[in-house]
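The chain contents come next:
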Amino acid sequence: MLESNHIHFVQEIKTQIKEAQYRALQKVNVEQIQLYWNIGKTILERQQQYGWGKGIVEILAAELQKEFVGINGFSARNLWYMRNLYEQYYTSSLILQPLVAEIPWTHNILILEKCKDEHERFYYINMTKKFQWSKTLLVNAIDNNHYQNTVLSQTNFSETLEISSANNADIIIKDEYLFDFLNLSEPYSEAQLEQAILSNIRNFLIELGGDFSFIGNQFPIKYDDKTFEIDLLLFHRELQCLVAIDLKIDEFKPEMAGKMNFYLSTLNKLVKKKHEKPSIGIIICKSKNRTTVEFALQDINKPIGIATYTLNKELPKNISAFFPSNQEFVDKIESITNYINRSKN
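You'll find the chain entered in an unreviewed UniProt entry as DUF1016 domain-containing protein, with Flavobacterium cellulosilyticum given as the organism.

*Asks:* Got a minute to help me understand the packing of helix 4 (residues 105-114) against helix 6 (residues 135-143) in this structure?
*Replies:* In contact at an axis separation of 10 Å, helix 4 and helix 6 are set at 15 degrees when each is read in the N-to-C sense. The angle between helix 4 and helix 6 falls in the class roughly parallel. For the crossing formed where helix 4 meets helix 6, the hand is right-handed. Listed contacts from helix 6 to His107, Leu110, Ile111 and Lys114 of helix 4 are Lys135, Leu138, Val139, Ile142 and Asp143. Considering only residue class, the contact of helix 4 with helix 6 consists of five nonpolar, one polar and three charged.

*Asks:* For this particular structure, what's the right way to read the pattern of salt bridges?
*Replies:* Proximity of charged atoms lets side chains of opposite charge pair with each other. Under the criterion given, the structure shown has 12 salt bridges. Between lysine 41 and glutamate 45 there is a salt bridge, with its nearest N and O atoms 2.9 Å apart. One end of the pair is lysine 41 and the other is glutamate 45, both in helix 1 (residues 4-50) and four residues apart, which spans about a single turn. In this structure, lysine 288 engages aspartate 175 in a salt bridge whose closest nitrogen and oxygen atoms are separated by 2.8 Å. Note that lysine 288 is positioned in the loop between strand 6 (277-285) and helix 13 (290-297) and aspartate 175 in the loop between helix 9 (163-169) and strand 2 (176-178), a separation of 113 residues in sequence. In this structure, lysine 288 and aspartate 175 share a single accessibility class: buried. Each of Lys41, Glu45 and Arg46 takes part in one network of salt bridges that share partners.

*Asks:* Even after reading the chapter, I still don't get the layout of surface pockets, so can you show me in this structure?
*Replies:* Which parts of space are left empty comes out when a probe the size of a water molecule is rolled across the atoms. A volume near 510 Å³ is recorded for the largest pocket. In terms of lining residues, the largest pocket is bounded by 18 residues, among which Leu137, Asn140, Ile206, Glu207 and Gly209 are the most central. Secondary structure elements with two or more residues in the lining of the largest pocket: helix 5 (118-131), helix 6 and helix 11 (201-208). For the lining of the largest pocket, the per-class residue count stands at eight nonpolar, six polar and four charged. Taken domain by domain, the lining of the largest pocket gets at least three of its residues from each of domain 1 (1-144) and domain 2 (154-314).

*Asks:* What is the right way to read the packing of aromatic side chains from this model?
*Replies:* Each aromatic ring pair is characterised by the separation of its centres together with the angle its planes make. One pass over the full model with this rule turns up 14 aromatic pairs. Centroid distance tyrosine 123 to tyrosine 147: 5.4 Å. Interplanar angle 55 degrees. Geometry classified as tilted. Taken together, the residues tyrosine 123 in helix 5 and tyrosine 147 in helix 7 (residues 146-152) connect sequence positions 24 residues apart. Each member of the pair tyrosine 123 and tyrosine 147 is classed as buried. Put simply, the rings of Tyr177, Phe179, Phe181, Phe204 and Tyr309 touch in pairs and so form one group of aromatic residues.

*Asks:* Help me understand the pairing of strand 3 (residues 212-223), please; the structure alone is not making it clear to me.
*Replies:* The two faces of a sheet get side chains in turn, since along a regular strand they alternate between them. One ladder, built from 10 bridges, connects strand 3 with strand 4 (residues 226-236); its direction is antiparallel. Of the residues in strand 4, the one forming a bridge with isoleucine 221 is phenylalanine 228. The antiparallel hairpin formed by strand 3 and strand 4 contains two residues in its connecting segment, where aspartate 224 sits at a positive phi of about 55 degrees.

*Asks:* How should the environment of valine 30 be read in this particular structure?
*Replies:* Relative to the assigned elements, valine 30 resides in helix 1. Each C-alpha atom of the pair valine 30 and proline 104 lies 8.6 Å from the other, and the pair is 74 residues apart in sequence.

*Asks:* Just checking my understanding: could you explain the packing of helix 4 against helix 5 for this structure?
*Replies:* For any two helices packed against each other, one specifies the crossing angle of their axes together with the interaxial distance. At their nearest, the axes of helix 4 and helix 5 sit 10 Å apart, and the two run at 155 degrees to each other. Comparing the axis directions of helix 4 and helix 5 gives the class roughly antiparallel. Once helix 4 is placed against helix 5, the crossing between them reads as right-handed. Where helix 4 approaches helix 5, its residues His107, Asn108, Ile111 and Leu112 are matched on the opposing element by Arg121, Tyr124, Ile125 and Thr128. When grouped by side-chain class, the residues that make up the contact of helix 4 with helix 5 number four nonpolar, three polar and one charged.

Definitions and cut-offs
Residues numbered from 1 in each chain as written. Predicted model: local features only at pLDDT ≥ 70, side-chain atom pairs only at ≥ 80, totals over all residues. Heavy atoms only, no water. Axes fitted to C-alpha atoms, helices over the stretch in contact; angles between N-to-C directions. Helix = DSSP H or I, 4+ residues; strand = E, 2+ residues; numbered from the N terminus. Parallel < 35°, antiparallel > 145°, perpendicular 65-115°, else oblique. Left-handed = near helix turned anticlockwise from the far one by under 90°. Contact = heavy atoms within 4.5 Å. Nonpolar A, V, L, I, M, F, W, Y, C, P; charged D, E, K, R; others polar. Salt bridge = Lys/Arg side-chain N within 4 Å of Asp/Glu carboxyl O. Buried < 20%, exposed > 50% of the residue type's maximum accessible area, 1.4 Å probe, protein only. 1 Å grid on protein atoms, 1.4 Å probe; cavity = no way out; pocket = protein on both sides within 12 Å on 5 of 7 lines; lining within 4 Å. Points joined across faces, edges and corners; volume = space filled by probe spheres on them. Domains from an automatic or database assignment. Phe/Tyr/Trp six-rings, centres within 6.5 Å; stacked < 30°, edge-to-face > 60°. Pairing = 2+ DSSP bridges.

Structure, rendered in structure tokens:
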């Protein structure tokens, strides 16, 4: 049986080994991407110099695979990725060039293919580096418009938090959350929404974006012989602060911001620990008027963000016309049921 100091000693050595492995992998990644960058540069320059077309890439791939048997990465497709990455980042994006080596090659290619805007690419590269996103997490983030939701999010963080905290806090809130895992159907109450979230708390925390820990629901705050309850109380590990969540099943109203401001004041006074940073509030509503939100947050002195939620992804407009509405679907089922009943009679 290991003693306490032995356990700490073993853990310390394990940590050192893991950190060394990570640094080694990072070094290999930097060398690999630098090679790919140089290959892409050379292909583009020779094409421009000699007027070569796509055929030269096929020839190069065949020769490289003969020379370096068993080494992946020199297929014609991957060589094209090298060439296109260099062309797009070197010729049109100075801010992206130094970031390429910060993330794995497969992640670079995903961002190159799926994102066309320079700022969007910058965002996903930084998020991948910062949170060490796997390929699957990166794909999910892009497919769920994580960048657009973050950029559009409405908060007063820049006015109420220190600059470093505000920049980090802005990425923890989306403009809209997708709660398709709740399996709720209209109509439902706020209590039912909360209970559905509690029953799917893991998926809820994943949808919020990571680094959140659940503390409790209907979290009580006692003040002047009165008890106030916060729908959900979370803790954000990186920001080192409490995060109060207020759930609403209707449209955002200005008084909701005042109520959240009060919650945050009491959390900071009665619950927050000395080493923690000021608490943050997120009001998640069914809908919101963006102008109303802007005015409502103007004179609030605590950091609050306003988001909306949806229970289902909407069908793309170009194909939604081919699918029935909810009412049309119900009518169709009823007509089939009536037909079956008549046939039995």
